Amino acid sequence: MKSGLPPLDRVIQSLRLGDNVVWQVDRLADYRYFAEPFVAQALRDGRPCVYVRFAPGEPSVPDQAGLTVLPLDPASGFDAFSSQVQRLIEERGREVFYVFDNLSALVAEWATDVLLANFFQITCPALFRLEAVAYFALTRGRHGYAAVARIRDTTQLLLDVYHVGDARYLHPLKVWDRYSPQMFLPHRVEGETWSPVFQSGEAAQVSSAARRDPLQDADTSIAPWQSVYQRLLNYRRMEQVPPGMEAEIGALRHELTRMMFGTHPQFDRVVDGCLGAEDLLAVRSRLIGSGRIGGKAAGVLAARCALRKAMGEAEFDRVFESQDSFYIGSDVFFTFLVNNDLFRLRLHLSRSYQITHEEFEEVEGRFLAGSFPPEILKQFRAVLDYFGQAPIIVRSSSLLEDSFGNAFAGKYRSEFLANQGNPEERLEAFLRAVKLVYASTLNPDAITYRRRRGLGENDEQMAILVMRVSGVPYGPYFFPSLAGVAFSRNLYAWNDRIDPRKGLIRLVFGLGTHAVDRAAGDYPRMIAVSHPELRPEVGEKVAKYSQRQMDLLDLVENRFATVPAAELLGRGDYPGLDHLVSVLEDGQIYDPVSNLVTAPGHRLFLTFNKLVARTDFVAALGKMLAVLEEAYGEPVDTEFTARLEPGGRVKIDLLQCRPLRLPGLSGPVPIPPDLPGERVLFRASRFISGGEVTGIRHILYIDPRRYAAVGDLALKRSIGRLVGRINRHPELTDSPVLMMGPGRWGSNTVDLGVNVGYADIDQAAVLVELAREEAGHVPEVSYGTHFFQDLVEQEIIYLPVYPDDPEASFNGAFFDASPNALTRLLPEAREFEAVVKVIDVAATTGGALARVAADPETRRAVCYLE
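Computed from a predicted structure; not experimentally measured. For every chain, the first residue of its written sequence is number 1, and the numbers climb from 1 along that sequence. Where totals are concerned, whole chains, interfaces and linings use all residues; where local detail is concerned, this predicted model gives features only for residues with pLDDT of at least 70, and gives and counts side-chain atom pairs only at 80 or more. Hydrogens and water are ignored here; the side-chain numbers use all heavy atoms of the structure.

Enquirer: Let's hear about the sheet that holds strand 25 (residues 636–644): which residues, and what values?
Expert: The pairing criterion for strands is at least two bridges between them, as found by DSSP. Only DSSP runs of H or I covering at least 4 residues are called helices, and only runs of E covering at least 2 are called strands; the numbering of each starts at the N terminus. Within the open sheet, the five strands sit side by side as 19-18-17-25-26. Their pairing is antiparallel. Here the strands that pair on one side only, and so sit at the sheet edges, are strand 19 (525–528) and strand 26 (650–659). Between one strand axis and the next, the sheet turns by 20 degrees as a mean value, whatever way the strands run. In this sheet, strand 19 lies alongside strand 18 (residues 504–508) in antiparallel orientation, the contact comprising four bridges. Among the inter-strand pairings, L507 is bridged to a residue of strand 19, identified as R525. The sheet contacts of helix 24 (residues 617–632) involve strand 17 (482–487), strand 18, strand 19, strand 25 and strand 26, and relative to strand 25 the element is tilted by about 150 degrees. The axes are straight lines fitted to the C-alpha atoms, using for helices just the contacting stretch, and the angles between their N-to-C directions are given from 0 to 180°. It only takes one pair of heavy atoms within 4.5 Å for two residues to be counted as in contact.

And the structure:
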């Protein structure tokens, strides 16, 4: 095939289908010299020709009849831009001719050479598979060696174009699958005959003038990431900043902030108000790779800086622990995907495919088989050398995570590492943890969440936050004394005296995982900041609704573990034990009168009564929440650990801060009076979120008694997956769905409720937890858990219903007598028909639909036929 320039065809032995041609040029005019004839020849030959325009300034080729111009915006981010290009290539099909703008323009937008190389490494093979022919430009000598090497390895042709004096030269550096004795010599571009440079003296003169520093490494990169950081660092090293440079320093600080934190108008205000140049340089010194640090890491840094600014240095250091975290930049994630042939898989699954939990296990396997380049492994080793054998946690910190409007609560993975063993064993465990976090971007809940939130095409990059686990060793275990979540608003006000504007604390003993997950028979201590000693339980129920299990790190077994709290409490020598427990004796709960606790473990219950009453714990967290809400300009959701110091003072480690989405309606919802009993399906008097849902056509109903009677645990676990299949059935996506099931939806223990994830219930408009005491199913007010955050963000009304309560109303006859549509929808689900029922309300009632009205002011709700 012809290039439009016969001398070029002779030098490279013509173009071939599948060729990607990268032109390293000094100026746009040199690229246009080769690209314009290429387009003209393609159009003369009747080839479909596309110009992908994304660089500012003059176009690479002029607009003309027959040429399709597709403008794209790289400001949307690497992920979105690369996905757009992939889709464009696939839609255009085979044997299309392309001209792309100068790739160097992408570096100006994305800040690093790494993403430029990643883009080319996924785009070039896609074009090759479709037998396209594509021209790309690259600014010669302005990119790091590693990036250019990756481009060279991937492309079919790499051609260097430069000037010596007034003469233009072409020097082919790579021409795949073609060879001639003169092909790889510099050629003087002049007229119809391009002459190869043979004479040694002339060749030396030309080559030395063209490449003044042939062994130059990555320092030549024009990537703003490195240059901005280096310039800001140079200013910091000066004993005195030159006059008039303050404005430039401010601009550099702003630019580095954008590169590491991204651009989010609301969050920018928080970051710009508290993070200085020193803070940014400190983060950069602990960053592996380059790119952004993600929402979770940014939230922690911004929150701590806001607190330090509001409280003052001395007070902040007295109340809050120091942190020494590391960050794995978002560029490392995409380099891992590209190098391990996972980018197209991710693109496919994120765009159009509903992955099952079983298929996701195979995806995890592919991620675990991946590898990292040597330079990244070297930095990983340095991090592990720094921490030694101290326990660490590898936390997801995606770009969209913990942002304003999208919490991604619990969607991505975080991995605790006990971090014991020799260096190679610890590195292996660390690499596995990083890969599992990366793979979690494709888990069913995360994909469903992104689609439901309209984020499917957004630039979602996975950065990672590596933190030291808070705590101290105790016997063979390692864990913090106190951990939990704290909210600046209290939506679970169980008493009229509680001020919901003062916040709520959800507190546990051990690792904070027990505060955000729904676990068997466990209840964290709920503390209203406005009235900390006012409990939702009284008498013996204080013991019943307390924490029984605790999460920790087993240093001997080198793993995360869950053990009975009584096992540790019963030893009686845990520091500050009297502040954590109460004693049950003769049916009464009392607090230890001294720091000596001698009762056996089975009579000790975690109430934290003396901690609440006699320390500054609640006051310190309350002040923290107030400061952060003011800094963010809206309510916040935080995670923390804490330890008790001598003298009753508490030291807090703030682990996470994000905006808090408030659930449901706050105004009154009318509930019709005097509803006929036969029209009422159920009533509820204990709930958190308000709202109204009309036109409910389908009810997914799991009978608590029949569910409790299922003895096969494998069958019980399968019910959660069945719910997911019903949830995704096309017939149920056209109208609101009411889901009703036993005990705790989303429980880790199938005996206490249906084990579902977000992807299994995202179509529900109302979620009901049925409590039948004889079946052992008791709803837990799950405010503060990741599960509850899902309900809030999806605006799903949550209602606990007590069919056995004399004051409740539950139309059991309707649910028992209604026909079951399950096997009509899913014929293969016949074995579940006795337990799981899908009720077509209109078909059952002769045309009536169900309606739910939940009034947040009276805290009463009703579901009835209309």
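Enquirer: Describe in detail the nonpolar core, supporting the description with residues and values.
Expert: Among buried residues, the Ala, Val, Leu, Ile, Met, Phe, Trp, Tyr and Cys ones that are joined through side-chain atoms within 4.5 Å form a nonpolar core. Exposure categories follow from relative accessible area, calculated using a 1.4 Å probe and restricted to protein chains: below 20% of the type maximum is buried, above 50% is exposed, and the middle band is partly exposed. F261, I505 and F617 are the most contacted members of the largest nonpolar core, which has 88 residues in total. Excluding residues within four positions of it along the chain, F261 makes contact with F267, V271, L275, L280, I293, A298 and L301. Grouped together as the second largest cluster of nonpolar side chains are 79 residues, L173, L349, Y438 and I447 included.

Enquirer: Any details on helix 18 (residues 423–439)? Residues and values, ideally.
Expert: Under the convention used throughout, the expected extent of a helix is 1.5 Å for every residue step, that is, one less than its residue count. The first and last C-alpha atoms of helix 18 sit 24 Å apart over 17 residues, in line with the 24 Å expected at 1.5 Å per residue. Restricting attention to buried positions, one finds in helix 18 the residues R426, L427, F430, L431, A433, V434, K435, L436, V437, Y438 and A439. Backbone nitrogen of E424 and a side-chain oxygen of the N-cap are separated by 3.1 Å at the start of helix 18; the cap is N422. Nitrogen and oxygen atoms within 3.5 Å of one another constitute a polar contact, given that in protein one can donate a hydrogen and the other can accept it, and given that sequence-neighbouring residues count only through two side-chain atoms.

Enquirer: Describe the confidence of the model for the protein chain, with residues and values.
Expert: Per-residue confidence for the protein chain averages 85 on the pLDDT scale, and 87% of its residues sit at or above 70. Under a pLDDT of 50 for its full length, residues 214–220 has, in the predicted model, seven contacts with residues more than four places off or in other chains. Low pLDDT, under 50, characterises residues 775–779; the predicted model gives this stretch 26 contacts beyond four residues in sequence or across chains. Confidence of the predictor at the level of single residues is captured by pLDDT, which takes values from 0 to 100.

Enquirer: Would you mind going over the packing of aromatic side chains in detail, with residue names and values included?
Expert: Pairing of aromatic rings covers Phe, Tyr and Trp, the last counted by its six-membered ring, and requires centre-to-centre distances within 6.5 Å; plane angles under 30 degrees mean stacked, over 60 mean edge-to-face, and any other angle means tilted. Inspection of the entire model under this criterion finds 41 aromatic pairs. Here the aromatic rings of Y162 and Y169 are separated by 5.9 Å at their centres, their planes lie at 20 degrees, and the arrangement is stacked. For the pair F380 and F430, a centre-to-centre distance of 5.2 Å together with 75 degrees between the ring planes defines the contact as edge-to-face. Of this pair, F380 sits in helix 17 (residues 374–387) while F430 sits in helix 18, and the two are 50 residues apart along the sequence. A positively charged side chain is recorded as over a ring if its NZ (Lys) or CZ (Arg) lies within 6 Å of the ring centre. The angle to the ring normal must also be within 35 degrees. The ring of Y33 has R168 sitting right over it, with the charged end atom 4.2 Å from the ring centre. A cation over a ring is seen here: R286 above F326, with NZ or CZ 4.6 Å from the ring centre.

Enquirer: Give a description of the packing of helix 9 (residues 246–261) against helix 11 (residues 277–284) that names residues and reports values.
Expert: Across the interface, helix 9 lies against helix 11 with an axial gap of 10 Å and an inter-helix angle of 40 degrees. In terms of their interaxial angle, helix 9 and helix 11 are classed as oblique. Between helix 9 and helix 11 the crossing geometry is left-handed. In this structure, helix 9 contributes R253, L256, T257, M260 and F261 to the contact, and helix 11 contributes A277, L280, V283 and R284. Angles are sorted into four bins: roughly parallel if under 35 degrees, roughly antiparallel if over 145, roughly perpendicular if 65 to 115, and oblique for all others. Take the far helix as your reference; a near helix turned counterclockwise from it by less than a right angle gives a left-handed crossing, and one turned clockwise gives a right-handed crossing.

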